[in-house]
Amino acid sequence: TFTAKVNRTLGYAVLKQLEGMGLVLKTEEPGKVATFSPAHPAILQERVEAQAKSAERAAIALKSALPDLSSAYNLATGRPGIRFYEGLDGIREVLEDTLTAKETIYTYADLEMIEKYISDINRDYATKRDKIGLKKKALLLDSQENRFLLEGYHTKVTDVKLIPAHAAPFKTVMQIYDGKISYFTLGTDTLVGVIITDPHIYEMHKALFEAQWESPLAREL
């Protein structure tokens, strides 16, 4: 036994807190002073693991909420928000940011480069989009390869029009959705993505896309 150099009130307050955490066991018998004993040390490992899981859940929740929080902040301050990404994981994040879209996504895409560099990531993304019924309109170059790649491509949620193939290959994907513009490059081994949150840039690109979509040069499959 040992004597704690704290007053009785503080001592009981600390013991009550430790009891609530499961680190101390309280024994109380009628007519006797309550006694406290330490719980098995294994409880410390259990608490550490529980806190780690709680922190992981909080990190996931924050990651999910952060785009909306950033958008609200940027709108309130009048400054565009810009986020940069690199590598395959970065491209996945840029793509999957659109899965929270509350409107039809507009996109310009280079399917040949998508198939070459991120085919698995894109298939996983398209399957998720299909599952939640998230619509997309896509403008693509009218090439034999693109027509081949489009056969059976998630047609329930994807509306495609083709533009003349004499334009240079995009080597880029651009997506327009929910007040944002996202880009990622696919023309080199260095994959880079960016998401811009700004209402004016968004409205300009949305209007340009809609004009191109309605143009007689844009042909349906």
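Remember, predicted model here, so these are calculated numbers, not experimental data.

(A) How the structure looks around the overall build of the protein chain. Check the secondary structure of the protein chain and you find seven helices and 10 strands. Per-residue burial over the protein chain gives 34% buried out of 221 residues. Considering only residue pairs separated by 6 or more positions, the protein chain has 65% of its internal contacts joining residues 24 or more positions apart. Surface exposure of the protein chain reaches about 14200 Å², of which carbon and sulfur atoms provide 58%.

(B) Quick look at helix 7 (residues 199-214). Its 16 residues give helix 7 an end-to-end C-alpha distance of 22 Å, which sits within 8% of 22 Å, the value for a rise of 1.5 Å per residue. By the burial criterion, the buried members of helix 7 are Tyr202, His205, Phe209 and Trp213. Considered in projection along helix 7, the buried side chains sweep an arc of 80° and stay on one side of the axis. For helix 7, exposure combined with an orientation more than 90 degrees from the buried face picks out His200, Leu208 and Glu214. Residues of helix 7 that are buried sit in contact with strand 4 (105-108), strand 5 (136-141), strand 6 (158-163), strand 7 (172-177) and strand 8 (180-185).

(C) Examining unusual backbone geometry more closely. One non-glycine residue with positive phi stands out, namely Asp178, at about 45°. With respect to the helices and strands, the residue Asp178 is situated in the loop between strand 7 and strand 8.

(D) Spatial organisation of the pairing of strand 4. Residues Ile105 and Thr107 of strand 4 are buried on one face, and the alternating residues Tyr106 and Tyr108, pointing to the opposite face, are buried as well. Pairing geometry for strand 4 and strand 5, over four bridges, is parallel. Residue pairing for strand 5: Thr107 is matched across the bridge by Ala138.

(E) Region of the structure containing the nonpolar core. Among the nonpolar cores identified, the biggest contains 26 residues, and Ile114, Ile118, Leu140, Phe184 and Leu186 are the most heavily contacted of them. If we ignore the near neighbours within four places in the chain, the residues touching Leu186 are Met113, Ile114, Tyr117, Ile118, Lys171, Val173 and Leu191. Tyr108, Ile163, Phe209 and Trp213 belong to the second largest nonpolar core, which has 12 residues in total.

(F) Just the packing of aromatic side chains, in detail. Inspection of the entire model under this criterion finds three aromatic pairs. Arranged with centres 4.5 Å apart and planes meeting at 15°, the rings of Tyr106 and Phe209 form a pair that is stacked. In this pair, Tyr106 is assigned in strand 4 and Phe209 in helix 7, connecting sequence segments 103 residues apart. Comparing Tyr106 with Phe209, the two get one shared label, buried. Plain terms: the ring middles of Tyr108 and Phe209 are 5.2 Å apart, the flat faces sit at 75° to each other, and that makes the pair edge-to-face. Within this pair, whereas Tyr108 is found in strand 4, its partner Phe209 is found in helix 7, the two being separated by 101 residues in sequence. Since its relative accessible area comes to 19%, Tyr108 is described here as buried. Given a relative accessible area of 0%, Phe209 falls into the buried group. Taken together, the ring pairs connect Tyr106, Tyr108, Phe209 and Trp213 into an aromatic cluster.

The rules behind the values
Residue positions are counted from 1 within each chain, in the order its sequence is given. Totals for whole chains, interfaces and linings use all residues, but because this is a predicted model, local features are given only for residues with pLDDT of at least 70 and pairs of side-chain atoms are given and counted only at 80 or more. Calculated side-chain values reflect all of the structure's heavy atoms, with hydrogen atoms and water omitted. Helix and strand assignments follow DSSP, with helices taken as H or I runs no shorter than four residues and strands as E runs no shorter than two, numbered in order from the N terminus. Categorising residues by exposure relies on relative accessible area from a 1.4 Å probe, with only protein chains included: less than 20% of the type maximum marks a residue as buried, more than 50% marks it as exposed, and the intermediate range marks it as partly exposed. Note on contacts: a residue pair is in contact if any heavy atoms of the two residues lie within 4.5 Å. Where accessible areas are quoted, they stem from the Shrake-Rupley method and a 1.4 Å probe; at the residue level, only the protein chains shown are allowed to cover. Multiplying one less than the number of residues by 1.5 Å gives the expected span of a helix. In this description, the arc belongs to the directions extending from the helix axis to the C-beta atoms. Each pair of strands is called paired provided DSSP finds at least two bridges between the two strands. We call a set of buried residues a nonpolar core when its members are Ala, Val, Leu, Ile, Met, Phe, Trp, Tyr or Cys and they connect through side-chain atoms within 4.5 Å of each other. Each Phe, Tyr or Trp ring, with Trp reduced to its six-membered ring, pairs with another whose centre is within 6.5 Å; inter-plane angles below 30 degrees give stacked pairs, above 60 give edge-to-face pairs, and intermediate values give tilted ones.

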